[in-house]
Amino acid sequence: MIKKLLCLFIIGFILSICQQDLVDAHAKPMLQSESAILINAKTGEVLFEKNSAAHMYPASITKIITGIIAIEEGNLDDIVTVSENARNVIGTRVYLLEGEEVPLKRLVQGLLISSGNDAGTAIAEHLDGSEEAFSERMNRFVREQIGVYNTTFTNPHGLFHRDHKTTAADMAKITQYAMKNGKFREIVGTNEMEWIGEGWETTIYNHHQLIRQYEGVTGVKNGFVSLAGFTLVTSAEQGDMELIAVTLKAYTSEGSYTDTSNLLDYGFENYTTNVIPKGTIYEDELGKIYRLTEPVKFTTKKDEEFAKEFTDGGILKVYDINENKILKETIEPGELTKRKNKVGVSLLAQEPMPKSNFHKYIYISILLAIVSVVVYFKKRK
């Protein structure tokens with residue numbers, strides 16, 4: 001009788017540990033950063049957020065928008081003459097000298113790889129004559145080209161100004177836009193490069209540490225000023241998933257990197273990007289033919305089933321297993337011209353899949369071993 005009770009106690013204990021392991025595996029990341037967001041870069045769908053609409057000071061992640069503007073609206077072959085104002089800017093620098101002539105592309109590299117504040121000022125003055133005028137361009141650009149409205153920039157580098165603010169959600173969209181540009185993507189993904197200037201000859205290394213520490217990281221920018229804390233924007237790609245993580249106001253550099261790594265782990269381990277291929281043909285109830293001329297992408301949990309519905313008028317809908325709408329597309333007869341009516345569904349409330357079944361298999365093996373021992377001694381008796 002005692003042996004039976006002991007056996008039942010051990011079995012219950014193991015099962016409780018196994019259950020606790022599964023609960024922990026379902027848990028969302030616990031972050032130090034005050035504000036954060038994780039999105040699927042291919043679809044824009046939100047996978048996790050924490051105070052992502054709160055206004056925060058961005059620090060040097062500001063340079064993401066400065067860089068993409070210089071690439072898209074400037075001529076990277078232009079030769080820029082460095083001003084006294086750019087030479088004397090405070091903070092992180094690439095040690096430009098007054099009167100030095102530098103290609104615009106080299107300034108963008110110094111800005112995004114080595115976080116040169118002097119490079120940011122030189123870019124702003126070259127394109128618009130002053131930091132103030134360039135800031136007006138930055139604000140127009142993010143509203144008109146990207147479609148974010150909760151961000152205000154007052155300078156090109158991110159040095160503190162009380163009105164220089166953004167949100168994690170806006171920075172994710174800005175980064176999603178910027179990473180579609182091949183030149184920008186190449187620069188922010190550069191690990192190291194030789195820097196030969198009049199005032200500085202060295203090898204510069206990307207200030208974003210996860211470029212070297214996390215598999216699949218492709219960029220983009222870190223930042224710090226005292227009132228902003230540590231800020232970090234990261235893009236990473238593994239398999240069919242490309243993620244963008246933004247963390248704002250961590251209290252230590254290590255905390256910002258840990259938070260970001262945890263967000264990326266969460267996204268890659270629990271979600272997948274689904275694609276309805278280009279050329280897929282649908283027919284509505286009236287016999288009209290609709291063909292996708294662009295692939296349609298949406299996010300689901302890994303191994304999650306979903307259902308597609310095509311209704312009269314060319315409406316394609318995708319639902320998850322709980323009949324929550326994941327996607328809604330309006331398709332023109334014969335082709336998909338634009339994504340006219342996409343309903344982006346937040347996946348925040350959905351529980352992620354367990355990280356691994358490894359521990360469960362160990363517990364089951366131990367349980368079987370105990371049962372075998374009990375049976376063995378019972379037979380001997």
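Report follows, based on the coordinates. In this text the structure is predicted, and so the values were computed from the model without any measurement. For every chain, the first residue of the written sequence is number 1, and numbering continues from 1 onward in sequence order. Given that this is a predicted model, residues contribute local features only at a pLDDT of at least 70 and side-chain atom pairs are listed and counted only at 80 or more, while totals for whole chains, interfaces and linings are drawn from all residues. Side-chain descriptors were evaluated using all non-hydrogen atoms of the structure, hydrogens and water having been removed beforehand.

## A look at the overall build of the protein
Defined as follows: Put simply, DSSP marks the helices as runs of H or I at least four residues long and the strands as runs of E at least two long, and each gets a number from the N terminus on. Should any heavy atoms of two residues lie within 4.5 Å, those residues are considered in contact. Accessibility throughout is a Shrake-Rupley quantity obtained with a 1.4 Å probe, and a residue counts as covered only by protein chains that appear here.
Counting its secondary structure elements, the protein contains 11 helices and 16 strands. Of the contacts formed within the protein by residues at least 6 apart in sequence, a portion of 61% connects residues at least 24 apart. For the protein, the exposed area adds up to about 18600 Å²; of that, 51% sits on carbon and sulfur atoms.

## Section: the side chain of His208
Our working definition: Under the rule applied, a polar contact is a pair of N or O atoms within 3.5 Å (in protein, one hydrogen donor and one hydrogen acceptor; residues adjacent in sequence only if both atoms are side-chain atoms).
The topology assignment puts His208 in the loop between strand S6 (201–205) and helix H9 (210–213). A distance of 2.8 Å separates polar atoms of two side chains, one belonging to His208 and the other to Thr234. Those residues in contact with His208 that lie beyond four places of it in its chain are Gly219, Val220, Lys221, Asn222, Leu232, Val233, Thr234 and Tyr257.

## Observations regarding the packing of helix H2 (residues 63–73) against helix H4 (residues 104–113)
The cut-off we apply is this: Between N-to-C directions, angles span 0 to 180 degrees; the directions come from axes that are lines fitted to C-alpha atoms, helices contributing only their stretch in contact. What sets the label is the angle itself: under 35 degrees gives roughly parallel, over 145 gives roughly antiparallel, 65 to 115 gives roughly perpendicular, and the rest give oblique. Helix crossings get a hand from a simple test, with the near helix turned counterclockwise from the far one by less than a right angle marking a left-handed crossing and a clockwise turn marking a right-handed one.
For the pair H2 and H4, the least separation of the axes is 10 Å and the interaxial angle reads 165°. Of the possible angle classes, the one that applies to H2 and H4 is roughly antiparallel. By crossing handedness, the relation of H2 to H4 is classed as left-handed. Contacts between H2 and H4 involve Lys63, Ile64, Thr66, Gly67, Ala70 and Ile71 from the former and Leu104, Val108, Leu111 and Leu112 from the latter.

## A short note on the sheet that holds strand S16 (residues 325–330)
Operational definition: Pairs of strands are assigned from DSSP output, requiring at least two bridges between the strands.
The sheet built from 3 strands is open, its strands ordered S14-S15-S16 with antiparallel pairing. Two strands in the sheet have a free side with no partner beyond their single neighbour: strand S14 (306–311) and S16. Going from strand to strand, the sheet's axes swing by 15° on average, the running direction of each strand aside. Pairing of strand S15 (residues 315–320) with S16, which is carried by 5 bridges, proceeds in the antiparallel orientation.

## Some details on the environment of Pro295
The test is simple: Partly exposed describes any residue whose relative accessible area lies between the buried limit of under 20% and the exposed limit of over 50%, with all areas from a 1.4 Å probe on protein chains only and scaled to the type maximum.
Mapped onto the fold, Pro295 is located in the loop between strand S12 (289–291) and strand S13 (296–301). The class for Pro295 is partly exposed, based on a relative accessible area of 37%. Separated by 15 residues in the primary sequence, Pro295 and Thr280 have C-alpha atoms spaced 8.5 Å apart. Among residues more than four places away in sequence, those in contact with Pro295 are Val275, Ile276, Pro277 and Lys278.

## What to know about the pattern of salt bridges
Heads up, the condition is: Within this document, salt bridges are pairs made up of a side-chain nitrogen of Lys or Arg and a carboxyl oxygen of Asp or Glu, the two lying within 4 Å of each other.
A complete count under the given rule lists 5 salt bridges for this structure. A salt bridge links Arg185 to Glu237, with the nearest nitrogen and oxygen atoms 3.4 Å apart. Note that Arg185 is positioned in helix H8 (residues 182–188) and Glu237 in strand S8 (residues 229–238), a separation of 52 residues in sequence. You can call Arg185 partly exposed: its relative accessible area is 23%.

## Remarks on the nonpolar core
Note the threshold: In plain words, nonpolar cores are sets of buried Ala, Val, Leu, Ile, Met, Phe, Trp, Tyr and Cys residues tied together by side-chain atoms within 4.5 Å.
Among the nonpolar cores identified, the biggest contains 53 residues, and Ile64, Ile65, Ile174, Phe184 and Val246 are the most heavily contacted of them. Once residues lying within four places of it in the same chain are set aside, the contact partners of Val246 are Ser35, Ala36, Ile37, Ala168, Met171, Ala172, Leu232 and Val233.

## Overview of the sheet that holds strand S7 (residues 217–225)
Sheet architecture is open: 5 strands sit in the order S2-S1-S9-S8-S7, paired in antiparallel fashion. The open sheet terminates on both sides in strands that have one partner only, identified here as strand S2 (46–50) and S7. If you compare each strand with its neighbour and ignore which way they point, the axes differ by 5° on average. Here 8 bridges tie S7 to S8, and the two strands are oriented antiparallel to one another. Among the inter-strand pairings, Val225 is bridged to a residue of S8, identified as Gly229. Contacts between helix H7 (residues 168–178) and the sheet are confined to strand S1 (35–40), S7, S8 and strand S9 (241–250), with S1 contributing the most and set at about 35° to the helix.

## Focus on the packing of aromatic side chains
Applicable threshold: Only Phe, Tyr and Trp rings take part, Trp by its six-membered ring, and two of them pair if their centres are within 6.5 Å. Stacked means planes under 30 degrees apart, edge-to-face means over 60, and tilted covers everything else.
Under the definition given, this model contains 9 aromatic pairs. Geometrically, the ring pair formed by Phe48 and Tyr266 is edge-to-face, given 6.1 Å between the ring centres and 75° between the ring planes. Of this pair, Phe48 sits in strand S2 while Tyr266 sits in helix H10 (residues 253–270), and the two are 218 residues apart along the sequence. Both residues of the pair, Phe48 and Tyr266, count as buried.

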